[in-house]
10 protein chains.
Amino acid sequence: MLFKVEMIVKLPIDMPKSVADEIKSREKIYSQELQSSGKWRHIWRIAGSYANISIFDVESNAELHDILSALPLYSYMDIRVDALCRHPSSIRDNDK
Amino acid sequence: MLFKVEMIVKLPIDMPKSVADEIKSREKIYSQELQSSGKWRHIWRIAGSYANISIFDVESNAELHDILSALPLYSYMDIRVDALCRHPSSIRDNDK
Amino acid sequence: MLFKVEMIVKLPIDMPKSVADEIKSREKIYSQELQSSGKWRHIWRIAGSYANISIFDVESNAELHDILSALPLYSYMDIRVDALCRHPSSIRDNDK
Amino acid sequence: MLFKVEMIVKLPIDMPKSVADEIKSREKIYSQELQSSGKWRHIWRIAGSYANISIFDVESNAELHDILSALPLYSYMDIRVDALCRHPSSIRDNDK
Amino acid sequence: MLFKVEMIVKLPIDMPKSVADEIKSREKIYSQELQSSGKWRHIWRIAGSYANISIFDVESNAELHDILSALPLYSYMDIRVDALCRHPSSIRDNDK
Amino acid sequence: MLFKVEMIVKLPIDMPKSVADEIKSREKIYSQELQSSGKWRHIWRIAGSYANISIFDVESNAELHDILSALPLYSYMDIRVDALCRHPSSIRDNDK
Amino acid sequence: MLFKVEMIVKLPIDMPKSVADEIKSREKIYSQELQSSGKWRHIWRIAGSYANISIFDVESNAELHDILSALPLYSYMDIRVDALCRHPSSIRDNDK
Amino acid sequence: MLFKVEMIVKLPIDMPKSVADEIKSREKIYSQELQSSGKWRHIWRIAGSYANISIFDVESNAELHDILSALPLYSYMDIRVDALCRHPSSIRDNDK
Amino acid sequence: MLFKVEMIVKLPIDMPKSVADEIKSREKIYSQELQSSGKWRHIWRIAGSYANISIFDVESNAELHDILSALPLYSYMDIRVDALCRHPSSIRDNDK
Amino acid sequence: MLFKVEMIVKLPIDMPKSVADEIKSREKIYSQELQSSGKWRHIWRIAGSYANISIFDVESNAELHDILSALPLYSYMDIRVDALCRHPSSIRDNDK
């Protein structure tokens with residue numbers, strides 16, 4: 001089941017660079033594990049913003065929430081979720 | 001080069017069903033040709049809305065505009081475009 | 001899997017009362033069937049508005065979209081969907 | 001008398017975890033007491049957000065305000081209230 | 001129990017004056033009956049707008065909805081409801 | 001001359017309780033004096049919010065501004081003013 | 001007593017030019033009479049918009065409403081009113 | 001050439017009163033010099049807000065920007081500019 | 001003196017194609033004359049929208065308004081104007 | 001390929017002037033290098049705001065993002081990007 005998730009990151013201006021780097025490093029590892037597992041199907045940067053647009057493929061709303069709320073950057077993000085479903089014009093089998 | 005495009009369709013309430021069906025039929029053919037060519041990479045329905053979220057892979061802003069403005073439903077759509085680029089955490093080679 | 005859905009109905013001012021009544025009558029039957037089946041778990045009127053807040057319990061985003069897009073009033077509604085999940089403080093077993 | 005209440009929680013980024021945990025712990029106890037009493041009829045998490053959607057069943061606007069303003073997290077919340085009433089299509093006796 | 005209700009009236013530009021006058025005439029009678037009964041406690045015009053701000057004193061959300069949805073101008077209004085309760089600084093006994 | 005005023009209070013999260021209590025105490029005295037004088041005709045709490053809706057009866061815009069800007073909580077408030085006038089349907093003599 | 005009023009005019013696309021011209025002609029006469037009397041102190045066009053920003057000098061909210069609601073273009077306008085008062089830095093005696 | 005400028009002032013809650021008073025004092029002198037020169041044609045307080053609506057009469061956009069960006073309170077303001085021009089109904093010679 | 005102008009075009013859905021084509025043809029001629037004269041310095045299409053972003057170089061607000069209000073598509077446009085001035089970092093002599 | 005970029009700068013109120021000056025100095029050098037190279041085609045100040053409107057000419061979305069995210073002021077900016085393309089009415093060869 002697919003969801004589009006937009007995440008806008010807002011780090012405090014006065015967060016020390018070392019702290020920010022450490023959180024971002026964990027965020028990257030976490031994201032790549034979920035991408036490898038197929039749960040986090042796509043992630044793109046929005047040009048000009050510290051933000052991304054992602055596609056998740058999960059079993060349920062609960063699994064989506066568990067994944068998002070465990071993001072190392074979760075406390076610093078504005079997140080918007082849209083539930084997706086197969087478009088009748090789609091020709092891709094797995095864009096269900 | 002990737003773009004996220006959200007399209008919300010607003011057909012006039014009094015458009016005859018036959019007219020609407022004919023436009024939608026052309027829209028579907030047009031969309032599927034572009035999907036086959038790889039230009040229209042993804043299309044998903046937003047659950048509960050007559051709307052879609054799509055990913056386009058084009059050579060330029062101009063090509064994107066030409067594709068969108070030739071949509072049979074173009075006059076009936078609100079369209080929002082976001083330029084995308086590769087996310088540093090992405091592990092998918094073609095999510096450039 | 002639960003979703004909160006807000007539906008605001010906007011009938012054309014010049015729709016004949018008989019037409020409106022017929023659509024509303026089908027809407028009521030459709031809604032009550034889905035309530036009986038357990039898919040449409042709750043429906044409340046928002047005081048002072050031609051609008052409702054509903055809770056749906058469905059298998060997937062696709063099922064939610066199929067139910068909503070088949071509403072007799074679908075063409076006349078603005079619909080907003082929020083994916084829900086169990087709250088850690090909830091004491092109700094089935095508010096999963 | 002039913003009300004839909006949406007609560008978005010915004011804890012200060014620099015609140016010590018022990019302080020946050022203590023407030024959340026009191027919030028949970030308070031919420032569960034009100035759920036047991038029947039006043040706080042439903043609470044759901046919005047997927048991807050530190051937010052909930054709740055249904056309250058109270059005697060009056062005043063009782064609703066007293067309950068909400070006594071929430072341990074009240075100072076950290078944006079709250080939106082909608083007065084509900086029975087929907088003419090509802091088949092549930094107590095969704096009055 | 002008190003509610004603040006803001007009503008903005010939007011009559012179709014092409015509604016014949018006689019039709020508009022007849023609806024407004026019924027609206028006035030209806031409003032004055034409810035004012036006399038004490039249900040519609042206050043009504044003020046917002047300067048420069050075809051809109052009013054009103055205070056209702058009703059037994060329940062349902063009674064408020066029944067009153068509002070029976071307004072002769074109801075189909076032509078945008079309505080916003082806020083539930084009120086006694087302010088701790090109030091010195092007026094009946095602004096409960 | 002009547003004005004509707006909505007005041008939303010936003011105290012800093014880290015304001016000491018004793019400071020907040022002292023300001024609120026002065027606010028209450030100030031409000032009640034103005035209520036007694038007839039200038040501050042009504043004040044209601046908006047259910048679920050640290051906010052009020054008030055009706056002022058003043059000689060001029062200037063008097064309204066002088067009253068509002070002298071509120072002990074003035075620096076912590078978002079304030080919205082609407083000029084009111086008698087509604088043609090009103091039956092209350094003093095809702096001028 | 002001064003008020004700033006912004007008026008945005010939205011004529012129906014299909015209004016015959018002769019009808020529009022006749023209304024605008026009456027609007028101009030009406031506006032100039034009020035300017036001559038001193039009630040309508042200033043009127044400026046907003047560059048690029050069919051809109052104006054005006055300053056009115058009236059005895060009361062009621063007088064302002066009576067003036068605005070009698071505008072020949074009133075049914076075709078969105079109007080926003082702000083109550084003004086003398087600024088402590090002003091050096092102009094009559095910008096009271 | 002005329003411009004309408006709305007300025008909303010937002011001083012930090014914790015700014016010492018002596019600092020705020022010193023800035024406001026310079027702001028007043030600066031404003032009154034520009035009023036005397038005819039550049040700052042009008043300034044009014046918006047009732048109930050720490051905000052003003054002003055009319056500037058300048059040679060160019062650049063002169064307007066130079067004047068505004070030199071305001072002692074500039075760093076603490078949200079500013080909105082609208083370019084004005086003579087209204088065809090205006091009877092005042094200098095409201096060009 | 002430079003202004004940025006955004007124009008969004010909204011033609012009525014039922015405007016005959018021949019009428020639309022005739023207006024667009026006049027619009028193009030009018031625009032190109034102004035571009036040739038140097039008044040309309042730039043015009044770009046916004047990708048995916050029936051809209052443009054333009055830069056005008058005019059003597060005054062009044063000249064800008066005269067140019068915009070004479071656009072053949074003026075009645076069908078939403079227009080937003082921003083006054084520009086030279087940026088201190090600019091290296092282009094004529095981006096005054 | 002052209003993009004319009006709006007940048008609004010929000011420096012923390014308590015940033016020391018020397019720190020702000022150093023960042024702005026680097027920003028200016030960086031901007032002027034990109035202007036010289038032709039990548040940053042235009043930059044204008046928005047009158048009355050600490051903000052600019054710029055036109056970039058880049059090879060791709062990725063190049064645009066790399067340029068913007070390397071701005072010395074990037075952490076202090078709200079940035080909005082619009083993809084542009086040649087307007088059919090344009091007479092300037094390089095406004096592609």
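Residues numbered from 1 in each chain as written. Chains lettered and ligands numbered in written order. Predicted model: local features only at pLDDT ≥ 70, side-chain atom pairs only at ≥ 80, totals over all residues. Heavy atoms only, no water.

Turning our eyes to something else, we now look at the environment of C:Leu2. Mapped onto the fold, C:Leu2 is located in strand 1 (residues 2-9). With 58 residues separating them in the primary sequence, C:Leu2 and C:Ser60 have C-alpha atoms 9.3 Å apart. Discounting residues that sit within four places of it in the chain, C:Leu2 has contacts with A:Asn61, C:Arg41, C:Ile55, C:Phe56, C:Asp57, C:Ala83, C:Leu84, C:Asn94, C:Asp95, C:Lys96 and D:Trp44. (Helix = DSSP H or I, 4+ residues; strand = E, 2+ residues; numbered from the N terminus. Contact = heavy atoms within 4.5 Å.)

This paragraph deals with the relation of the copies chain I and chain H. After a rotation of 180° and a shift along the axis of 0.0 Å, chain I superposes on chain H with an RMSD of 0.0 Å. When the rotation and shift are considered jointly, the pair of chain copies conforms to a two-fold rotation axis. Of the residues that chain I buries at the interface, 100% are likewise interface residues in chain H, meaning the two copies contact each other through the same surface. (Least-squares fit on C-alpha atoms with pLDDT ≥ 70 in both.)

Feature annotation in UniProt places "domain: Muconolactone isomerase" (unreviewed entry) on residues 1-89 of chain A, given in this structure's numbering. The span residues 1-89 of chain A shows a helical share of 34% and a strand share of 36%, and its end C-alpha atoms are spaced 18 Å apart. (UniProt positions renumbered as here; feature names shortened; annotations may be inferred.)

Time to look at the relation of the copies chain H and chain G. When chain H is fitted onto chain G, the two copies agree to an RMSD of 0.0 Å after a turn of 180° and an axial shift of 0.0 Å. A shared interface surface links the copies, since 100% of the contact residues of chain H are contact residues in chain G too.

All right, on to the sheet that holds strand 1 (residues 2-9) of chain F then. What the 8 strands build is a closed barrel, ordered 1(E)-3(E)-2(E)-4(F)-1(F)-3(F)-2(F)-4(E); its pairing is antiparallel. Strand-to-strand twist across the sheet, computed as the mean angle between neighbouring axes with direction ignored, equals 35°. Inspection of the sheet shows strand 1 (residues 2-9) of chain E paired to strand 4 (residues 77-86) of chain E by 7 bridges, in the antiparallel sense. Bridge pairing in strand 4 of chain E links E:Lys4 to E:Asp82. Contacts from helix 1 (residues 17-37) of chain F reach strand 2 (40-46) and strand 4 (77-86) of chain F, with the element oriented near 135° to strand 2 of chain F. Here helix 2 (residues 61-69) of chain F sits on the sheet in contact with strand 1, strand 3 (51-57) and strand 4 of chain F, set at roughly 25° to strand 1 of chain F. (Pairing = 2+ DSSP bridges. Axes fitted to C-alpha atoms, helices over the stretch in contact; angles between N-to-C directions.)

Turning our eyes to something else, we now look at the interface of chain H and chain G. Across the contact, 31 residues belong to chain H and 31 residues belong to chain G. Between chain H and chain G, a total of about 2,900 Å² is buried, with carbon and sulfur atoms accounting for 59% of that surface. Among the residues chain H hides against chain G, the three largest losses belong to H:Trp44, H:Arg45 and H:His87. Together they make up 23% of the total. Inspection of the region where chain H meets chain G yields 2 salt bridges. For G:Glu6, the salt bridge goes to H:Lys4, with nearest N and O atoms at 3.0 Å. If you look at where chain H meets chain G, you find 19 residue pairs in polar contact (both at pLDDT 80 or more). Secondary structure elements with two or more residues in the side of chain H that touches chain G: strand 1 (2-9), helix 1 (17-37), strand 2 (40-46), strand 3 (51-57) and strand 4 (77-86) of chain H. Across the side of chain H that touches chain G, the residue classes tally to 12 nonpolar, 9 polar and 10 charged. (Buried area = accessible area lost by both parts, 1.4 Å probe. Salt bridge = Lys/Arg side-chain N within 4 Å of Asp/Glu carboxyl O. Polar contact = N/O pair within 3.5 Å; in protein donor to acceptor, adjacent residues only side chain to side chain. Nonpolar A, V, L, I, M, F, W, Y, C, P; charged D, E, K, R; others polar.)

On the surface, A:Asp14, D:Asp14, F:Asp14, H:Asp14 and J:Asp14 cluster together into a patch of negative charge. Of the residues examined, F:Asp14 reaches a relative accessible area of 68% and is grouped as exposed. (Patch = residues over 30% accessible without salt bridge, like charges linked within 9 Å, V, L, I, M, F, W, Y side chains within 5 Å. Areas by Shrake-Rupley, 256 points an atom, 1.4 Å probe, with all protein chains shown as cover. Lys, Arg positive; Asp, Glu negative; His and termini not counted. Charge placed at Lys NZ, Arg CZ, Asp CG, Glu CD. Buried < 20%, exposed > 50% of the residue type's maximum accessible area, 1.4 Å probe, protein only.)

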